[in-house]
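# Geometric and topological summary
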Amino acid sequence: MKNIQEKPSLADIYKKLKSLEKEKLKDIRIQILRNITIHPIEPFIKYYCANSGYNSLIKFGEFDTILQDANNISDDIVIIFLTLENFSKNLHCKFNSLSENQIKNEIQHVIDYIQTTISMIRKKSGSPIIFTDFIEPIFPSYGLLDCSILKGEKHNIQKLNFELRNLVSTNHGVFILPLNQIANKIGHNNFFDIRQWYLSTLPYSKDGLQEIAKLISVFVSSLNGSNKKCLVLDCDNVLWGGILGEDGPDGIKIDKNFPGSEYYSFQNEILNLYNRGIILTLCSKNNEKDVIDLLNSNSNILIKEKHLSAYRINWQEKDKNIVELSNELNISLDSMVFIDDSKFEIELIKQSLPMVETIDLSEVNALKFAMTLKEYRGFDSLSISQEDKKRGIMYKEQAKRNSANVSFTNLEDYLNFLEIELNIQIIDNTQISRVAQLTQRTNQFNLTTKRYSESQIKELKIKKNSDIFTLKVKDKFGDLGIVGAAIILYDNQNNAIIENLLISCRALGRKIEFIFVAEIYKFLLNSRMKKEVFGIYKSSEKNSQTSDFYKNFGNLVKQSSLEKFINHSNSKIFIFDLEKPNNVSKLKFKVSVNI
């Protein structure tokens, strides 16, 4: 695996694309609608998506036919490049000749067009939609005065982008690709190619296209549950300057003022990730007591023991420690990112655990540590739920559960000790984002690994031929929030089909999945008048533990590969008689059902 900080040449990209083993990648269909030339971005998108495990199948709409193409969407992701240069020449070329009212009307015209595009796509598809934002001018129409007046061009393009954000926030499954952010990062002169613009209406340089493609691959990963979840940190010369074992707690460098402020800023960025729901762990060759004492006693250190979900501070090899952290947290190795300043340790992880992504700080000046972490996009998520914000606390609570479990020899006694409470209900509007997030992120207990956007979940919630159930869990140690979801479809033959069933890995090992399904079965029998239900299992690289779930449930009639389930080829179909008893009766949890 290449280090994430390396930037490949176009020759490297074509070489990589020729050698791809596409059968090992997951296909993702991307449709690009446009009012500019953008085809040269294709190899960049393919390259960065392939690095994330996806074979991108890209289809371009015709030039300036966005509304026409919006009527014919059947792809996984829709990206729309809409520029003012070709859509609103009044705003782009004649700005200072417009009255305030004309400017207002022109902005509204752009927003109305975008809303119309969204509405037309939504008639045919619930696919995620990504709009580019509008680039703020670096040389606005009123010159120096522009920055001092509300009627200035820069202010009104900012206002247009603000209206775009408002529009996106009210439409599920619609997002913004921030071109302004990219242009500011690499510089407008590096982002644009004025020669290509006049020759072929292609606004962006190769560097610009490459940066845009990187962000598109981040969207693809986030929408498919491949974003990273856990940051694994070294300590010496990473969290602080110096070596704790040699310099002592008073000799290390970390302070609000220089020297040491660079490490303080880096820890502040780490804390920002924690508050977004990223799991923090330590993997350091040190004496554990020395490190923990330092974290808790030094007022300039922002990362405290309470922020750590787990740690391995010892003299064991780091690849073994990372595997242990993965097992303790019950997360996959490919959801972890390892940061170290030692080239040796980085290479060890690359060779031993290639699925773990690495950030190599060995050649990075500590002054740039914080920016390096900011620029890393693997943790990006398209939604942040209440469960995310509390994830660090939840993992600390889980550590208490694990500690308590040691004193029990019988699982049933341990589960009764936890005083588990379940709440099962039909999805409401406040849960749409979380359920979509669960479908995108859950890999282990996910019986079909089918991913859904927020707009697709909203559409299923509204439809009469489907139900979505959610599962909340809490116990004596804390509230886990919404940890499960089930999507039920009803076909034309009046069959009930469990389209997907998933439980967050944080809640596994409690047998709550059996109670969840049993209550859904009761609802289907008593309220939907169904006597049979079809459960679907489709294997993936990570969900093998669920292969026998339906077999173990108790009221299985038979296993089938019914031809009518054309959307589930290569799947196992299980048929259940809802009037027969299941194996859940022995489980004694407090269950509230609001369905």
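I will try to describe carefully the structure that is included in this document. Bear in mind that the values here come from a model prediction, so they are computed numbers and not experimental data.

Right, let's get into the packing of aromatic side chains. Within the structure shown, the criterion is met by 18 aromatic pairs. On the basis of an interplanar angle of 55 degrees and a centroid distance of 5.8 Å, the ring pair of F408 and Y414 is categorised as tilted. Judged by relative accessible area, Y414 falls into the buried class, the value being 7%. With a centroid separation of 5.3 Å and an interplanar angle of 80 degrees, the aromatic rings of F445 and F549 are classed as edge-to-face. Highlighted residues: F445 in strand β12 (residues 445-446) and F549 in the loop between β16 (532-537) and β17 (556-560), separated in sequence by 104 residues. Each member of the pair F445 and F549 is classed as buried. An aromatic cluster is built from F445, F514, F549, Y550 and F574, whose rings are joined through pairwise contacts.

Another aspect to go through is helix α2 (residues 42-51). Counting buried positions over the ten residues of α2 gives seven, a clear majority of the element. When we look at burial in α2, the residues that qualify are P43, F44, I45, Y47, Y48, C49 and A50. Buried-residue contacts for α2 involve α1 (10-18), β1 (26-34), β2 (54-63) and α11 (206-223). Phi turns positive, to about 100 degrees, at G53, one or two residues after α2.

This part is about the nonpolar core. I322, L501, I512, Y521 and L524 are the most contacted members of the largest nonpolar core, which totals 59 residues. Looking at this core, the element that brings in the most residues is helix α23 (residues 512-526), giving ten residues. When near neighbours in sequence (up to four residues on either side) are disregarded, L524 contacts I488, Y490, A496, M529, K530, V533 and L578.

Attention now moves to the pairing of strand β10 (residues 357-360). Here β10 shows no split at all, with E357 and I359 on one side and T358 and D360 on the other all buried. Bridging between strand β9 (residues 336-340) and β10 involves four bridges; their strand directions are parallel. Bridge assignment links D340 to a residue of β10, and that residue is D360. Once you follow β9 into helix α16 (residues 343-352) and on to β10, the crossover reads as right-handed.

This brings us to unusual backbone geometry. Of note, the bond from F258 into P259 is cis; its omega dihedral lies within 30 degrees of zero at 0 degrees. By the element assignment, P259 lies in the loop between α12 (244-247) and α13 (261-275). At D64, a position not held by glycine, the phi torsion is positive, near 60 degrees. With respect to the secondary-structure elements, D64 resides in the loop between β2 and α3 (66-70). One non-glycine residue with positive phi stands out, namely T201, at about 55 degrees. Residue classification places T201 among the partly exposed positions, given a relative accessible area of 24%.

Rules of the game
Residues numbered from 1 in each chain as written. Predicted model: local features only at pLDDT ≥ 70, side-chain atom pairs only at ≥ 80, totals over all residues. Heavy atoms only, no water. Phe/Tyr/Trp six-rings, centres within 6.5 Å; stacked < 30°, edge-to-face > 60°. Buried < 20%, exposed > 50% of the residue type's maximum accessible area, 1.4 Å probe, protein only. Helix = DSSP H or I, 4+ residues; strand = E, 2+ residues; numbered from the N terminus. Contact = heavy atoms within 4.5 Å. Core = buried A, V, L, I, M, F, W, Y, C linked by side-chain atoms within 4.5 Å. Pairing = 2+ DSSP bridges. Right-handed = clockwise from strand over helix to strand, strands pointing away.

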